[in-house]
Amino acid sequence: MKVLVTGGAGYIGSTVVAELIREGDSVVVFDNLYQGHKGAVHPEATFIKGDLNDRAAIDSVLADYQPEAIMHFASHTLVGESMENPFLYLAENVTNGLNLLQSAVDHGIRKFIFSSTANLFDDPERMPIDEKERIVPGSPYGESKYIIERMLYWLDRVYGFRYAALRYFNACGAGAPERGEDHYPEYHLIPIVLQVALEQREKVFIFGNDYDTPDGTCVRDYIHVLDLAQAHILALRALDQGSRTYNLGNGQGFSVKEVIETAREVTGHPIPAEIGPRRPGDPATLIASSDKIRRELGWEPKYTDLKGIIETAWQWHSTHPNGYNDR
Ligand code: UFG
């Protein structure tokens, strides 16, 4: 299948691109390199530098390459940033997504995979969180993703647009050894902890140890990026049977302390940690139920233990201490 991937130079997008190519699909990456890296793009993918705020540029790529499907990763993705600069999310994420969707409809494309988020579940009533959980976006970031989910719903009703909305919990690990996480600045726990092991940071701050969890630190569902990639590919192949929405996690929670302890074991470094104040907006526990995608598509995450996940991340970070070396 010929697939256009927006954000295909980013952490998750570039991993999915590599997996698509491995399965024999042909891929065009459309990315403005704002957070992405040219070096992350698989050499067999066609790379187009472009911005989703430029409708004419999208039209021209869709006309030139005529993809059968689109995977849309490109977006601003930081909860904290969205609380400080909401229009980056409520305006840019939304209008960029809208440009892409309008152009897709105009060019007769009817298959779409969308990167959504667990930030739709700020106040879950049940744990693990399944797709029936009520939607309470936790930030303008989550809201921007939900607005696009609603657009997709209507495009399906009106045009028979087939989509999958995939709500990621905590993406992590590396499509080791050549592809991994390289954000600047970095805000995510696992890469921060590994930067301490590389002595690029002095210590990690634990954002609060007085949560209602077994060890007092926040519990998250860490899902390996290669398992995420597999879910995207299964969802793409299933679109002919209809649109769908899935929560994607590995179904287990690990605390901040457990992550740090496991990283000490994997790296052999003491990784100094200090308890700091809570980070505003962090829910105590977020664990996904992915029963629906397991049942419907036979998805089975391979990286379910934290040690295996952190080992792949360490393999990437220790061999690429400066990421893609393009800063
Ligand atoms: N944490 C620390 N110290 C740090 C960094 C993080 O203690 O230096 C803690 C956080 O408080 C949180 C956990 O580690 O409890 C994980 O934090 P991340 O920033 O790695 O990830 P989040 O759970 O905050 O965010 C992730 C995704 C978002 C998504 C969100 C859904 O990165 O894109 O889950 O709730 F929106």
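Residues numbered from 1 in each chain as written. Predicted model: local features only at pLDDT ≥ 70, side-chain atom pairs only at ≥ 80, totals over all residues. Heavy atoms only, no water.

**Q** Quick question: what am I supposed to make of the sheet that holds strand β14 (residues 285–286) here?
**A** Paired through their backbone hydrogen bonds, the strands of a sheet run either parallel or antiparallel. Spatial ordering of the open sheet is given by β12-β9-β14, a layout of 3 strands whose pairing is mixed. Only two strands of the sheet have a single partner each, and these edge strands are β12 (254–255) and β14. Sheet topology note: the strand β9 (residues 219–220)/β14 ladder contains 2 bridges and is parallel. The residue of β14 that forms the bridge with R220 is L286. (Pairing = 2+ DSSP bridges. Helix = DSSP H or I, 4+ residues; strand = E, 2+ residues; numbered from the N terminus.)

**Q** How should the site of the ligand be read in this particular structure?
**A** Residues in close proximity to the ligand total 21 residues, the closest being L189, F205, R220, R279 and D282. The separation between an oxygen atom of the ligand and a polar side-chain atom of H188 is 3.0 Å. Between R279 and the ligand, the recorded distance is 2.6 Å, taken from a side-chain N or O atom to an oxygen atom. Burial of the ligand by the protein amounts to 91% of the accessible area it has alone, namely 690 Å². Put simply, the parts of the chain that give the shell around the ligand at least two residues each are α6 (189–197) and β8 (204–207). Classifying every residue of the shell around the ligand gives 13 nonpolar, 5 polar and 3 charged. (Near = heavy atom within 4 Å. Polar contact = N/O pair within 3.5 Å; in protein donor to acceptor, adjacent residues only side chain to side chain. Areas by Shrake-Rupley, 256 points an atom, 1.4 Å probe, with all protein chains shown as cover. Nonpolar A, V, L, I, M, F, W, Y, C, P; charged D, E, K, R; others polar.)

**Q** Please explain the packing of aromatic side chains as it appears in this structure.
**A** One pass over the full model with this rule turns up 5 aromatic pairs. With a centroid separation of 5.7 Å and an interplanar angle of 40°, the aromatic rings of F112 and F161 are classed as tilted. Of this pair, F112 sits in strand β5 (residues 111–117) while F161 sits in the loop between α5 (140–159) and β6 (162–168); the two residues are 49 residues apart in sequence, bridging distant segments of the chain. Of the residues examined, F112 reaches a relative accessible area of 0% and is grouped as buried. Judged by centre distance (4.9 Å) and plane angle (85°), the rings of Y153 and W154 are edge-to-face. The exposure class assigned to Y153 is partly exposed, which follows from its relative accessible area of 28%. By relative accessible area, which is 42% here, W154 ends up partly exposed. Above the plane of the ring of Y153 lies R150, whose end atom (NZ or CZ) is 4.6 Å from the centre. Looking at R278, its charged tip hangs above the ring of Y211, at a distance of 3.9 Å from the centre. (Phe/Tyr/Trp six-rings, centres within 6.5 Å; stacked < 30°, edge-to-face > 60°. Buried < 20%, exposed > 50% of the residue type's maximum accessible area, 1.4 Å probe, protein only. Lys NZ or Arg CZ within 6 Å of the ring centre and 35° of its normal.)

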